[in-house]
Amino acid sequence: MVSLDQLKEEVKKALSSGKVKYFIGYENIGSGWQVRPAFIRQPEDVDRLVWTPACFHNLVRFLHDEKRRRAREKNPDIRPVGLVVKGCDSRSINVLLQEKYIERNDVYIIGVSCELTGVINITKLNQHLNGLKPQKVLFGSKGTFKVIVDDREIEIEAPDILADRCLECPANFPVIADVILGEEIKRNPGNRYQSISAYEKMALDERWSFWQQQFSRCLRCYACRSVCPMCYCDECVADSIAYAVTAETTADEKAQKTRWVERNPELSENIFYHLVRAIHLAGRCVDCGECERVCPVEIPLRLLNKKMEKEAKELFGYEVGFDPAQPPLIACFRDNDPQDFIR
Amino acid sequence: MMEKTILKSSFPQWIKSLQSFKVFIPKRENFGWELSSNNQILEIASDYTYPVVPPKKLIFPQEEIFFEFEQNPDNGIELKEVLPEESPQVIFGVRPCDGRAVEAMDLVFGGSFEDLYYWRRRRQTTLVGLACHQPPSENCFCLSVEGSPYSEDGLDILLTDLGDRYFVKALTEKGEKLLSEAPSLFKEITPKDREEKERVHLEAQGKIKRHLNGARELPEKIKAIFDSNFWDEESSNCLRCGICTYLCPTCHCFDINDETKSLAPLRGRRIRTWDTCQFPDFTMHSSGHNPRPDRASRLRQRLAHKFLYFILLYDRFQCVGCGRCISLCPVGIDIIEVLTRARNHGK
Ligand code: SF4
Ligand code: SF4
Ligand code: SF4
């Protein structure tokens, strides 16, 4: 079991020795059981930290903010940022390393093992509790969650309320870290592509109408892009104005900027945004599930990314985020690639 | 003002009588409730909470076409004005906070310069409110921003659920017109109906759990800490997505773009779309300078618009306490908590 005291101790050590610039973990929201990303800057603040099954956020995404901050400052403090990462999150660090977006000493990693559980899906929890309001959600013993409701303790088998991605996770133990908390327990993820099997049975035109229906309600709030550890581009084709414009950009350059996607939320533009994003995530998405979690109108984005993950695996034998030295899928070719047009 | 009751069993007939209107009724979708005009639904479900996307989208749609342009053979440009269709609509199940939000938007799009497009839709819209029995969200805090679960502001009719019937209060001429479409369905009220309605309203009020104390002190306080690093700390985990503003029933900021469909001959349209102060390009100048360069200034802008500038302009809050931005924020930024800490900052 991951010990919260040990986590606090490690963070305190890293902060008081000056090894890290600041530390990002999780803290409770108000008096409730839900959590949010917490920025810990002083050793005495480590008591805010929690570690619960509601720590689903992937904190790796905050490394983009740090990189941008550094680029703006004249004499930036270049000490690493400390992060708590789960197995899936740790794979996204590997992708950032692979792409040389960050360097290994930009981040100090405290990895936590998911052991026999993982993080929960709130909708599943609510369905399971059937109207009852949880007061606390905790890890139980041996693959269960413990939920406190009306001062009673309910034990729930993990698979009943686990996030979908945890059910199919190939890395319940961090693949890269400086310190690891919790035991390395192997878990058989079963069929890693279970969640897309129904989708794969659909005919092409059925799939097309399925996605049309889904994307027609997209608001283009871009929360899916904002939360993604892989969406770090300063300039995204989806933006109607490229805000990577700087004081040095000439008027002529600005006038020549191609606008790929219009701002209107019509189906054509929504689909363009999502398909470009899906292609740009092929071989990069680590299935942390954050994009799907944050979508306010619950568009099943995981389905799209999972399908791309499977394609990368089947066509190129490519697994995402296990090896920081592996060349990125879309930036390399190998002699044994199935297509020959590139050779 | 007219007060009546209608049996729930007669409700479908009332809806059916509204032939000349496009009728929107809450529909359950897998992502939550949506205001739908699919004509199949003839009642308001008993477990209805509130729509994820607020009713503002039916008056101030995410996309509004202003005009189309086309180059003609002698190289002139022809403009074709596009106006919203003339089609009266009725929205059922508007929660009192969302009704007050429409009233707040009326102030923005009205006044000395009337927004043609907004008012064309607004004048054709009848808002049928539904008083809350239960707060639809655990983050409701309407009482703290001068609203209530039975507020009538901005609505044309307020319905109160009395079990087998609704208490119907028509508040405007538009509301009365809706009752006159099926007059035989509405009954005179009895003292008991009125008593029950009062009880339901009071009970609902007691069920609201969240409160933002001293909201009227906030304008001064926000001014006082405007340049403080308070905002940096509060916004440290903000993702700069558009959820809190796009789904806020009062946020009304927009962008105007020319969309070119063809360059030769030149053809396209000018459109207005939602925009948000939370996107970095919202304030980007063509010089490359951005006066709101970071998340701190953008979070401050969102809250200051609602709890400082709007008060200075209109003497009311631009937040109606619906709780959507709290419930939907992916990283738990909670407007009640942030403002409470702002109020206590430096104390
Ligand atoms: S989070 Fe959902 S609504 Fe927002 S842009 Fe992404 S898919 Fe669209
Ligand atoms: S696309 Fe979604 S699941 Fe994949 S890495 Fe990005 S946020 Fe995570
Ligand atoms: S600011 Fe938040 S609570 Fe207030 S009206 Fe907007 S969405 Fe609702």
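Parameters at a glance
Residues numbered from 1 in each chain as written. Chains lettered and ligands numbered in written order. Predicted model: local features only at pLDDT ≥ 70, side-chain atom pairs only at ≥ 80, totals over all residues. Heavy atoms only, no water. Near = heavy atom within 4 Å. Nonpolar A, V, L, I, M, F, W, Y, C, P; charged D, E, K, R; others polar. Domains from an automatic or database assignment. Contact = heavy atoms within 4.5 Å. Buried area = accessible area lost by both parts, 1.4 Å probe. Salt bridge = Lys/Arg side-chain N within 4 Å of Asp/Glu carboxyl O. Polar contact = N/O pair within 3.5 Å; in protein donor to acceptor, adjacent residues only side chain to side chain. Helix = DSSP H or I, 4+ residues; strand = E, 2+ residues; numbered from the N terminus. Buried < 20%, exposed > 50% of the residue type's maximum accessible area, 1.4 Å probe, protein only. Pairing = 2+ DSSP bridges. Axes fitted to C-alpha atoms, helices over the stretch in contact; angles between N-to-C directions. Core = buried A, V, L, I, M, F, W, Y, C linked by side-chain atoms within 4.5 Å. Expected span 1.5 Å × (residues − 1).

Draft legend 1. Just the site of ligand 1, in detail. Near ligand 1 lie 13 residues; those nearest to it are Cys218, Cys221, Tyr222, Cys224 and Cys295 of chain A. Its residues assigned to classes, the shell around ligand 1 shows 11 nonpolar, 1 polar and 1 charged.

Draft legend 2. Local environment of the domain arrangement of chain B. Residues and elements named next belong to chain B. Domain boundaries in chain B define domain 1 (2-58 + 77-206) and domain 2 (215-344). For domain 1 and domain 2, the distance between their C-alpha centres works out to 27 Å. With 29 residues of domain 1 in contact, the opposing surface of domain 2 contributes 30 residues. Counting each side, the surface lost to burial between domain 1 and domain 2 is near 2,500 Å², with a carbon and sulfur contribution of 62%. For the pair domain 1 and domain 2, the interface holds 4 salt bridges. Where domain 1 touches domain 2, the interface holds 14 residue pairs in polar contact (both at pLDDT 80 or more). Elements supplying a minimum of two residues to the side of domain 1 that touches domain 2: α2 (56-59), α3 (96-109) and α4 (116-123). For the side of domain 1 that touches domain 2, the element with the most residues is α3, which contributes 10 residues.

Draft legend 3. Geometry of the interface of chain A and chain B. With 39 residues of chain A at the interface, the matching set in chain B holds 42 residues. Here chain A packs against chain B, burying approximately 3,500 Å² in sum over the two surfaces, 50% of which is carbon and sulfur. At the junction of chain A with chain B, the criterion picks out 6 salt bridges. For Glu233 of chain B, the salt bridge goes to Arg41 of chain A, with nearest N and O atoms at 2.8 Å. Put simply, chain A and chain B have 14 residue pairs in polar contact (both at pLDDT 80 or more) between them. At the level of elements, β2 (35-40), α2 (62-72), α9 (223-227) and α12 (290-294) of chain A are the ones that each hand at least two residues to the side of chain A that touches chain B. Tallying contributions element by element places α2 of chain A first for the side of chain A that touches chain B, with 4 residues. Residue composition of the side of chain A that touches chain B, by class: 17 nonpolar, 6 polar and 16 charged.

Draft legend 4. Up close: the environment of Val331 of chain B. Relative to the assigned elements, Val331 of chain B resides in the loop between α11 (324-328) and α12 (335-344). When the C-alpha positions of Val331 of chain B and Cys238 of chain B are compared, they lie 6.8 Å apart, and in sequence the two are 93 residues distant. Not counting residues within four places of it along the chain, the set of residues in contact with Val331 of chain B comprises Arg36 and Pro37 of chain A together with Asn237, Cys238 and Leu239 of chain B.

Draft legend 5. Structural context of the pattern of salt bridges. Residue and element names in this part refer to chain A. Inspection of every chain in the model, using the stated rule, returns 69 salt bridges over all chains. Residue Glu66 pairs with Arg69 through a salt bridge whose shortest N-O separation is 2.7 Å. Of this pair, Glu66 and Arg69 are both found in helix α2, 3 residues apart, which corresponds to roughly one turn of the helix. Look at Glu66 and you get buried, because its relative accessible area is 3%. Asp178 is the partner of Arg104 in a salt bridge, and the nearest nitrogen-oxygen pair spans 3.0 Å.

Draft legend 6. Representation of the sheet that holds strand β2 (residues 22-29) of chain B. All names here are of chain B. Pairing within the open sheet is mixed, and its 8 strands lie in the order β3-β2-β6-β7-β8-β9-β1-β10. The open sheet terminates on both sides in strands that have one partner only, identified here as β3 (32-36) and β10 (187-188). Together, β1 (2-7), β8 (157-161), β9 (165-170) and β10 form the strand contacts of helix α6 (residues 191-206), whose direction differs from that of β9 by roughly 90°.

Draft legend 7. Structural context of the nonpolar core. With 152 residues, the main nonpolar core has Trp51, Leu83, Ile93 and Leu125 of chain A together with Phe307 and Ile335 of chain B as its most contacted residues. Residue contributions to this core peak at 7 residues, all from helix α10 (residues 295-314) of chain B. Two domains each donate at least three residues to this core, and these are domain 1 (2-58 + 77-206) and domain 2 (215-344) of chain B. If we ignore the near neighbours within four places in the chain, the residues touching Leu83 of chain A are Phe23, Ile24, Leu59, Val60, Leu63, Ile93, Val107, Tyr108, Ile109 and Ile110 of chain A. Within the second largest apolar cluster, 26 residues are counted, among which are Ile6, Leu18, Trp33 and Val90 of chain B.

Draft legend 8. Summary view of helix α11 (residues 267-281) of chain A. All names here are of chain A. Taking 1.5 Å per residue as the helical rise, α11 with its 15 residues ought to reach 21 Å, and the 21 Å between its terminal C-alpha atoms agrees with that figure. Listed as buried for α11 are Glu269, Asn270, Ile271, Tyr273, His274, Val276, Arg277, Ala278 and Leu281. As for α11, its buried residues are in contact with α8 (204-215), α9, α12 and α13 (301-316). Residue Gly283 follows α11 closely and has a positive phi angle near 75°.

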